[in-house]
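Observations on the model geometry
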Amino acid sequence: MNKRISLQDAVAMVKDGMTVMVGGFLGAGSPVTILDELAKSGVKNLTLICNDTAYENVAHGQLITNKQVKKLYVSHIGTNKNTGAQLNSGELEIEFCPQGTLAERVRAAGAGLGGVLTTTGLGTVVAEGKETVVVDGKTYLLEKPLKADIALIGATIADEKGNLVYTGTTNNFNPLMATAADVVIVEAEKVVKVGEIAPERVHTPAMFVDYIYSK
């Protein structure tokens, strides 16, 4: 199966109302070319799962600026003034997740778990409306899995089947998000022939990757 697709085809897979995961940290390690085009596409009412909302005109931060997002699962928003403004105006619904909890909720979805138990957030607004579980006399928050229709991730190297290698800043949320969506689209800096990546170097196996875009 040929997994290589065009930029236009990658963007066209994101439809109004979808839940989309975006890998990266403040745009570093994100699939920035795909996100740049997605910001021009007019797609709307997205639910976004990401660590942050980058900057106003960077990566997925543009989707916030363009008001293409209706709901957000995120660990912080301080670097993008438009996110806070839309939250305060009631235009954007946000569920804040501590960064480690956000990562674990994504991991739980990828691993087929029913959730994770954590003490982080107990007694704060993070715990509002959430179930608690007592284990050996200790109370934990039950944080439920986060899954997406599509994950847009970045990788340093992909082979033609979709085996991925992450180096530097691509090795953040991308490996987790590659396991937790119905469709996974990777933007790779470089695509090589099958066999050029040593098996022990593979971070995400090809079975998780549906499509590959590379310039």
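Preceding this section is the structure that the text describes.
Below: a short report on this structure.

Cut-offs applied
Every chain is numbered independently, its residues counted from 1 as its sequence is written. With the structure being a predicted model, the display of local features is reserved for residues of pLDDT at least 70 and the display and counting of side-chain atom pairs for 80 or more, all residues being used for whole-chain, interface and lining totals. Water and hydrogen atoms were dropped before computing side-chain values, which therefore reflect all heavy atoms in the structure. Each nonpolar core is a collection of buried residues, namely Ala, Val, Leu, Ile, Met, Phe, Trp, Tyr and Cys, held together in the definition by side-chain atoms within 4.5 Å. Only protein chains enter the calculation, and the probe is 1.4 Å; a residue is then buried if its accessible area is under 20% of its type maximum, exposed if over 50%, and partly exposed in between. Strands are runs of DSSP state E lasting at least two residues, helices are runs of H or I lasting at least four, and both sets are numbered from the N terminus onward. Working rule for contacts: check all heavy atoms of both residues, and any pair within 4.5 Å makes them a contact. Whether two strands pair depends on DSSP finding at least two bridges between them. The disulfide criterion used throughout: a pair of cysteine sulfur atoms within 2.5 Å. Here the axes come from fitting lines to C-alpha atoms, over the contacting stretch only for helices, and the angles between their N-to-C directions go from 0 to 180 degrees. Distance and chemistry together define a polar contact, namely a pair of N or O atoms within 3.5 Å, with one atom able to donate a hydrogen and the other to accept it when in protein, and with adjacent residues in sequence counting only for side-chain atoms on both sides.

Our next topic: the nonpolar core. Judged by nonpolar contacts, the single largest core of 29 residues is most densely connected at Val20, Ile34, Leu38, Leu48, Leu72 and Leu152. Of all the secondary structure elements, the ones that give two or more residues to this core are α1 (7–12), β1 (19–22), α2 (32–41), β2 (46–49), α3 (61–65), β3 (69–74) and β8 (148–159). The dominant element in this core, judged by the number of residues it contributes, is α2, at 4 residues. In contact with leucine 48, other than residues within four places in its own chain, are Val20, Val22, His60, Leu63, Val69, Lys71, Leu72 and Tyr73. Residues Ile49, Cys97, Leu164 and Ala181 belong to the second largest nonpolar core, which totals 26 residues.

Take the pairing of strand β7 (residues 138–143) next. Looking along a regular strand, one sees side chains alternate from face to face of the sheet. Pairing between strand β5 (residues 116–118) and β7: 3 bridges, direction antiparallel. The residue bridging threonine 118 from the neighbouring strand is leucine 141, located in β7. Strand direction decides the pairing type here: strand β6 (residues 132–135) and β7, joined by 4 bridges, are antiparallel. Residue pairing across strands places valine 135 opposite lysine 138, the latter belonging to β7. Adjacent in sequence and paired antiparallel, β6 and β7 are bridged by 2 residues, among which aspartate 136 carries a positive phi angle near 50°.

What follows is about the state of the cysteines. Note: disulfide means a covalent bond formed between the sulfur atoms of two cysteine side chains. Applying the stated criterion to the full structure yields 0 disulfides. Of the cysteine sulfurs around cysteine 50, a residue in no disulfide, the closest is that of cysteine 97, at 10 Å. Judged by relative accessible area, cysteine 97 falls into the buried class, the value being 3%.

Here we take up the sheet that holds β7. With respect to topology, 3 strands assemble into an open sheet ordered β5-β7-β6, the strand pairing being antiparallel. Across the chains shown, the open sheet's two edge strands, defined by having one partner strand only, are β5 and β6. Geometrically, the sheet is characterised by an average inter-axis angle of 40° between neighbouring strands, direction not taken into account. Set on the sheet, helix α5 (residues 99–111) makes contact with β5 and β7; between it and β5 the angle comes to about 160°.

As for its position among the elements, asparagine 80 is in the loop between β3 and α4 (81–89). Within the structure, the side chain of asparagine 80 is placed 3.5 Å from the backbone oxygen of glycine 61, a separation counted as a polar contact. Separated by 3.0 Å, the side chain of asparagine 80 and the backbone nitrogen of asparagine 82 make a polar contact. Ignoring any residue separated from it by four or fewer positions in sequence, one finds asparagine 80 in contact with Thr53, Ala54, Tyr55, Glu56, Gly61 and Ile64.

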